[in-house]
Amino acid sequence: MTIHFTDNEMELLRILIDADGYQSINTLVRKMGFSKRSVYSFISSISNKCLAQKMEPPRNVYRQGYFLPDSTKKQLKMLNPSDEDKVPHIGKLSSQERQIFDLLLLFLGDQVTTPMLMAWEDVSKNTILNDLSQLKAELTRYNIVIAADQTGHQLLGSELSIRNYMQVKLREHHHLLSAFLDKAKTIPALAELVSLSLMLNDWTQTVEVTTNQTYSDDMVLFLESYYSLVLHRMMNNRILKFKTFLPNDSDRHEMEKSNEYNLTYSFIIQFGSELVEHTDECYYLESLLLEGQLNTQGHNNVKKDIVNVSNLVVENFKQISGVTFKDEKQLSRELYIHLLSTYYRVKYHHQYVDGMVTKIRDDYPDIYTYTKISIYPFEKLSRQKLTENEIALIAIYFGAQVVRESQDSKSALIVCSSGIGTSRFLMAQLNKAFPDLKLSGPISKKQYQSMKMIEDNIVISTIPLEKLNRDVIKVDPILDENGLNYLQKQLSIHNIVNSKGQSNQIHSLLDVIADNADIKNISGLIVGLKEVLTFSIDPKSKFERGYQPMLSELVKPNTITFADSENLSWEAAIKVAAKPLLENQDIKDSYVTAMIDSVNENGPYINIGSKVALAHARPETGVNHLSMSVLKLKQPIDLVDSKHKVQLIFVLAAVDATAHLKALSELASLLGNKATLQQLFVAENSQEFMNVILRSEKHETSSSM
């Protein structure tokens, strides 16, 4: 007998079937896009239908959420063997999601009518017109227009602008791209997308074998999906004209030397010689490959430069933050792989913009600020400033490697299909929730399947995996409170982490139970007690910090010095810059010596921006009070060598790891604004210098309100 569920009920059942933990009513509301009243109505209807078939209905655990009993899951599959295929991949679309569907249809065709959009998204004409109006307003900022005539709507603008915009949007909403392509299979005019996607899948495997490169699962999926749309567009004469993507001849020649170029050429020419002759299509496809590589074989000039820069960035972070790393070589290797793909994203104007990673800046301001200052050598190499989101992604590498007090903690291997955004955000959540748990990875499913043995104590995965020699805990890529609590219980059950005092409580309870009852399954009882005694995690808790003064509260008119550059060495310049702090007894002579010794030992790492240095040393070498001073020279001087010119030398005397963070963050913002930095260079007295800082602070404050 078949139970007839509505589409909305099937969507809710799919969520409960796929979930490994409890689903709160708020989580269900967010996932389905309906009101609480509607979701409660769906649950009630499902419960009545289940009870009618003598099946256990969805259950609700107080303060935890809903779950579907395993027996019901099995019975539903037996009663409705084909219902899994009927469940839609997405629920009710939000306005933003509908706009992505609009964009996809407009990207593929020039005659997209309003009735066509209404049919695809199952909404009214007014809803479609309102969505298009919002979309038009956003696109104008990118010089893209949605034009309309009697035949329908179409996108107008430069081909590169349209593709860049689409690429950014689809990376943010990759799940919608998959859902769109599934739906497109049923449309004859779009059926070729399936065959194009299969061709790209075969081709990417050939690329990996030929170039000895590895790409993340998400990157391969994105390339297959997104580039199949691009190919469809190219075959409809939407082509990147010559020198529109790569106007620089030297860049073109450099790309033509690689194996990737030959592979892209041989692939694209299958669709017509006009696509590779006098166009930039081969370079465009090659850029997508370069952005997605995970491992890095070969030794071209770019890779050598990135290796050197990665080491320098790590050294900068160590010196500025004063932290140590449990495995510096591993950190440098991982950072190198990340910065190599970042280099190509920056170079080809595809910087990561997913807004969720800005949470890293808010939750870990110290690590984010240190990273923002340390990353200067990479920005100098790429000749572009990184977005806040790119900086946050790099900050996660440092946060994951900071040495913790406990050296006896157990470890978990993270397996995630995402190569950049989601996996790193998951790592950040796990680091925050389980600070004593050592994390390895993330690695892709393909890498996991190639392993014979897992050295870590447990595997945490965002995708279903076959167990090797260690148990696997499946979690959502982005953990909500219920997901964190579920993971906490599973880790506790597996003896990976323990709640404070849990072990003693278990032994005490076992003693009481053993004295008053017969225990038939002691191992099962222990597991149950661990689950009951596991404390909930508050993912919103933040580390409490003391007062952090602003830059203008540390740099004062009497700590700003102006001097001639003639016959002034960098050592002497640091002494001149530090003199006001010595006179105020904020530091001792030993601190000045320590700053100079640090540069002699570690090189010009204090060069943190264009002609700017931040001199500092460990607090224990002679800091009495938190303070800052600055020296402005008439002309730049060499810092160790001629490659590092400095004209502004800031001296930071920090008393701990956090008190100076606000001032340091402001300094980083100053360095990132060329106009403001130039005002500091041309300031002729202390008051002018202070005015620049005060104006910058006022602007930052008003912008954040």
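Residues numbered from 1 in each chain as written. Predicted model: local features only at pLDDT ≥ 70, side-chain atom pairs only at ≥ 80, totals over all residues. Heavy atoms only, no water.

What the protein chain contains, in helices and strands, is 32 helices and 13 strands. Scored against the burial criterion, the 705 residues of the protein chain give a buried share of 50%. A separation threshold of at least 6 residues defines the contact pool for the protein chain, and within that pool the share at least 24 residues apart is 72%. Carbon and sulfur atoms form 51% of the exposed surface of the protein chain, whose accessible area is close to 33700 Å². (Helix = DSSP H or I, 4+ residues; strand = E, 2+ residues; numbered from the N terminus. Buried < 20%, exposed > 50% of the residue type's maximum accessible area, 1.4 Å probe, protein only. Contact = heavy atoms within 4.5 Å. Areas by Shrake-Rupley, 256 points an atom, 1.4 Å probe, with all protein chains shown as cover.)

Right, let's get into unusual backbone geometry. In this structure, Asp-122 takes a positive phi of about 55° despite not being glycine. For Asp-122, the position within the fold is in the loop between helix H7 (114–121) and helix H8 (125–139). Phi is positive for Asn-143, which is not a glycine, with a value near 60°. Of note, Asn-143 is situated in the loop between H8 and strand S3 (145–149).

What follows concerns helix H10 (residues 174–184). Where H10 is concerned, the buried positions are Leu-176, Leu-177, Ala-179, Phe-180, Leu-181 and Ala-184. On its buried face, H10 is in contact with helix H6 (95–108), H7, helix H9 (159–172), helix H11 (192–211) and helix H12 (217–234).

For the rest of this paragraph, the subject is the sheet that holds strand S10 (residues 607–609). Read across the open sheet, the five strands follow the order S9-S12-S13-S11-S10; overall the sheet is mixed. Pairing within the sheet leaves two strands with one partner each, and these edge strands are strand S9 (560–563) and S10. Neighbour to neighbour, the strand axes of the sheet diverge by 30° on average, direction disregarded. Relative to strand S12 (residues 627–639), S9 is paired through four bridges, and the arrangement is parallel. Of the residues in S12, the one forming a bridge with Ala-563 is Leu-633. Its contacts with the sheet put helix H28 (residues 570–583) on S9, strand S11 (611–615), S12 and strand S13 (641–653), and the angle it makes with S12 is roughly 155°. (Pairing = 2+ DSSP bridges. Axes fitted to C-alpha atoms, helices over the stretch in contact; angles between N-to-C directions.)

Moving on: the sheet that holds strand S5 (residues 411–415). Here four strands make up an open sheet; going across it, the order is S6-S5-S7-S8 and the pairing parallel. Every other strand in the sheet has two partners, leaving strand S6 (438–443) and strand S8 (472–474) as the edge strands with one partner each. Adjacent strand axes in the sheet meet at a mean angle of 25° when their direction is disregarded. Sheet analysis places S5 next to S6, joined by four bridges and oriented parallel. Note on S6: the bridge partner recorded for Leu-413 is Ser-440. On top of the sheet, helix H24 (residues 481–493) reaches strand S7 (458–461) and S8; it is set at about 170° to S8, its chief contact.

This part takes up the confidence of the model for the protein chain. Taken residue by residue, the protein chain gives an average pLDDT of 81. The fraction at 70 or more is 84%. Confidence drops under pLDDT 50 across residues 81–91; counting only partners more than four residues distant or on other chains, this segment forms 15 contacts. Confidence drops under pLDDT 50 across residues 533–545; counting only partners more than four residues distant or on other chains, this segment forms 33 contacts. (pLDDT = per-residue confidence, 0-100.)

Moving on to the environment of Asp-305. Looking at where Asp-305 falls in the secondary structure, it is placed in helix H16 (residues 301–321). By relative accessible area, which is 35% here, Asp-305 ends up partly exposed. Between the C-alpha atoms of Asp-305 and Phe-378, which are 73 residues apart in sequence, the distance is 9.3 Å.

Looking now at the nonpolar core. Grouped together as the largest cluster of nonpolar side chains are 145 residues, with contacts concentrated most on Tyr-227, Phe-398, Leu-491 and Met-628. Sort the elements by how many residues they give to this core and H12 lands first, with 10 residues. In contact with Phe-398, other than residues within four places in its own chain, are Val-313, Val-314, Phe-317, Phe-325, Leu-331, Leu-335, Ile-367 and Thr-371. With 29 residues, the next largest nonpolar core counts Ile-574, Leu-581, Ile-606 and Ala-615 among its residues. (Core = buried A, V, L, I, M, F, W, Y, C linked by side-chain atoms within 4.5 Å.)

This part takes up the packing of H6 against H10. At a closest axis distance of 10 Å, the pairing of H6 and H10 adopts a crossing angle of 55°. Compared by their axis directions, H6 and H10 come out oblique. Seen along the crossing, H6 lies across H10 with a hand that is right-handed. Here Glu-97, Ile-100, Phe-101, Leu-104, Leu-105 and Leu-108 of H6 lie close against H10, whose contacting residues are His-175, Leu-176, Leu-177 and Phe-180. Along the lines of polarity and charge, the residues of the contact of H6 with H10 split into eight nonpolar, one polar and one charged. (Parallel < 35°, antiparallel > 145°, perpendicular 65-115°, else oblique. Left-handed = near helix turned anticlockwise from the far one by under 90°. Nonpolar A, V, L, I, M, F, W, Y, C, P; charged D, E, K, R; others polar.)

This structure, assessed with the given rule, holds 16 aromatic pairs. Centre to centre, the rings of Phe-317 and Tyr-370 are 5.9 Å apart; their planes meet at 85°, and the pair counts as edge-to-face. Remark: Tyr-370 occurs in helix H19 (residues 365–374) and Phe-317 occurs in helix H16; sequence separation between them is 53 residues. Take Phe-317: its relative accessible area is 1%, and that puts it in the buried class. Centroid distance Tyr-343 to Tyr-344: 5.3 Å. Interplanar angle 85°. Geometry classified as edge-to-face. The buried category is assigned to Tyr-343, whose relative accessible area is 13%. Looking at Tyr-344, the relative accessible area reads 8%, which means it is buried. Grouped by ring-pair contacts, the aromatic residues Phe-245, Tyr-284, Tyr-343, Tyr-344 and Tyr-348 constitute a single cluster. Over the ring of Tyr-284 we find Arg-163; its NZ or CZ atom is 5.0 Å from the centre of that ring. Just above the ring of Phe-681 sits the side chain of Lys-611; from NZ or CZ to the centre is 4.7 Å. (Phe/Tyr/Trp six-rings, centres within 6.5 Å; stacked < 30°, edge-to-face > 60°. Lys NZ or Arg CZ within 6 Å of the ring centre and 35° of its normal.)

Turning next to the environment of Glu-455. On the secondary structure map, Glu-455 appears in the loop between helix H23 (445–449) and S7. The exposure class of Glu-455 is exposed, given its relative accessible area of 74%. Sequence separation between Glu-455 and Ser-440 is 15 residues; the distance between their C-alpha atoms is 9.9 Å.

Of the two faces of S7, both are covered, the one formed by Ile-458 and Ile-460 as well as the one formed by Val-459 and Ser-461. Here four bridges tie S5 to S7, and the two strands are oriented parallel to one another. When the bridges of S7 are listed, Val-415 appears paired with Ser-461. Of the strand pairs in this sheet, S7 and S8 are connected by three bridges, and their pairing is parallel. Note that in S8 the partner of Ser-461 across the bridge is Lys-474.

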